[in-house]
Amino acid sequence: MEIKLYPPITNASGPHCVTYEELERIARSAAGAVVTKSMTHCPRQGNPEPRLRAHLDGGIGSLNSMGLPNLGYQEYAKLIPKLKGFGKPIIASIASAPCAHGLPPVEQYREIAVTIERAGADALELNLSCPNLEDVPIAMDPQGVRAVLQAVTREVKIPIGVKLPPYNNTPKLFEEIARTLLDFEISYIATINSEPLTLDIDLATRTKVIRPNEGFGGLGGPAVLPIALAEVHRFYKFFQKHRAKIAVWGVGGITRPEDAIKHFLAGASVVQIGTLFLWEGPTVFEKLWAGIEQWLAENGFSSVEEIIGAVREI
Ligand code: SIN
């Protein structure tokens, strides 16, 4: 089942989308949908501070190991009906995480998905790729991806998206994951989550910039744009080749309208904004969309649809 957004731009599940107040700010902005922070079965405080360096040296991006701080799915089930009053699609991001009750990850996804669909969410985005938890992300294991998708697609009727990590330099795994996705009725993939296992150092203090996981965290922002474009493009080509009706939503490195245009040309039909939204807040959607529309008009196009996947070989 398809989910259409207008404008085709929204926040990435990540910064500023945990509390009702933050979600309401997105709902009141020009974003085409509201995407929640990835909700887990148990509420989470997240990883120890400092866990976010919003501005890396040279303006190259942000580094985080937040560890999915969120209110827990039961709270989001209460918030969603209120958020729907703003008339935008509400996309509930869902993740599994270690929890005292010991419920297996697949069961966590299933239970959350069923409850959140009942609460009125318009779509689910299954985050299989958080790089900041103890366990290796499920998205690195094709059998794990299959098990989650089987459990959720069996019970849920609303559109389902899947948030994926970068598979750069692991072509076999890319192929296995992409083939697994073909077996399910999913609406879209969102690629990429932050580039995992990255590190930065504060020269003034000679310390790592974040504390969790010995300083290793996920990189977002301008530095990851070429990685994100590559992932968008190869998933787009793969789905075209296999005639799969799975849309590709581009996430990663968008700080200017031109970056979003590159995502569309690479094959994205929607773009999500993470680091720029962290930096500047909800006005970014209006600014980016105005710039995208201007670029389209100046280049003789009347809609984003006309340029999706239209990149040319050189
Ligand atoms: C986090 O909360 O650790 C970031 C979310 C994600 O990368 O999935």
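Residues numbered from 1 in each chain as written. Predicted model: local features only at pLDDT ≥ 70, side-chain atom pairs only at ≥ 80, totals over all residues. Heavy atoms only, no water.

Caption draft 1: Representation of the packing of aromatic side chains. One pass over the structure, following the stated rule, counts nine aromatic pairs. Measuring from centroid to centroid gives 5.8 Å for F235 and F239, while their planes differ by 35°, and the two rings are tilted. Placement of both F235 and F239 in helix α6 (residues 225-241) is noted, with a separation of four residues, approximately one turn of the helix. Like F235, the residue F239 is buried in the burial classification. (Phe/Tyr/Trp six-rings, centres within 6.5 Å; stacked < 30°, edge-to-face > 60°. Helix = DSSP H or I, 4+ residues; strand = E, 2+ residues; numbered from the N terminus. Buried < 20%, exposed > 50% of the residue type's maximum accessible area, 1.4 Å probe, protein only.)

Caption draft 2: Looking closely at the environment of Y109. On the secondary structure map, Y109 appears in helix α3 (residues 105-119). Sequence separation between Y109 and A95 is 14 residues, and the spatial gap between their C-alpha atoms is 6.7 Å. Beyond its immediate sequence surroundings of up to four residues, Y109 is in contact with I94, A95, S96, L126, N127, L128, I138, V148 and V152. (Contact = heavy atoms within 4.5 Å.)

Caption draft 3: Here's a closer look at the packing of helix α1 (residues 20-27) against helix α2 (residues 73-83). The contact between α1 and α2 brings their axes to 11 Å, and the two run at 30°. With respect to each other, α1 and α2 are oriented roughly parallel. When the axes of α1 and α2 are compared, the crossing they make is right-handed. Residues Y20, L23 and E24 of α1 form the contact with α2, whose participating residues are Y76, L79, K82 and L83. Among the residues making up the contact of α1 with α2, the classes are represented as five nonpolar, no polar and two charged. (Axes fitted to C-alpha atoms, helices over the stretch in contact; angles between N-to-C directions. Parallel < 35°, antiparallel > 145°, perpendicular 65-115°, else oblique. Left-handed = near helix turned anticlockwise from the far one by under 90°. Nonpolar A, V, L, I, M, F, W, Y, C, P; charged D, E, K, R; others polar.)

Caption draft 4: How the structure looks around the nonpolar core. One finds I116, L181, I189, F235 and I273 to be the most contacted residues of the largest nonpolar core, which totals 80 residues. Per element, the largest residue contribution to this core is seven residues, and it comes from α6. A33, V35, V251 and V270 belong to the second-largest nonpolar core, a separate cluster that totals 12 residues. (Core = buried A, V, L, I, M, F, W, Y, C linked by side-chain atoms within 4.5 Å.)

Caption draft 5: Highlighting the sheet that holds strand β9 (residues 195-198). Spatially, the four strands line up as an open sheet ordered β3-β4-β12-β9, and their pairing is antiparallel. The sheet is open, and its two edges are formed by β3 (52-53) and β9, each paired on a single side. Two elements, β3 and strand β4 (residues 62-64), share two bridges in a ladder whose sense is antiparallel. Bridging across to β4, L52 finds its partner in N64. (Pairing = 2+ DSSP bridges.)

Caption draft 6: Just the sheet that holds strand β5 (residues 90-94), in detail. In spatial order, the strands read β1-β14-β13-β8-β7-β6-β5-β2; together these eight strands make up an open sheet with parallel pairing. Looking at strand neighbours, the two that pair on one side only are β1 (9-11) and β2 (34-35), the edges of this open sheet. As defined by bridge partners, β5 adjoins strand β6 (residues 123-127) across four bridges and the pair is classed as parallel. Bridge pairing in β6 links I91 to A123. The strands touched by helix α9 (residues 283-298) are β1 and β14 (270-273); relative to β1, the strand with the most contacts, the crossing angle is about 155°.

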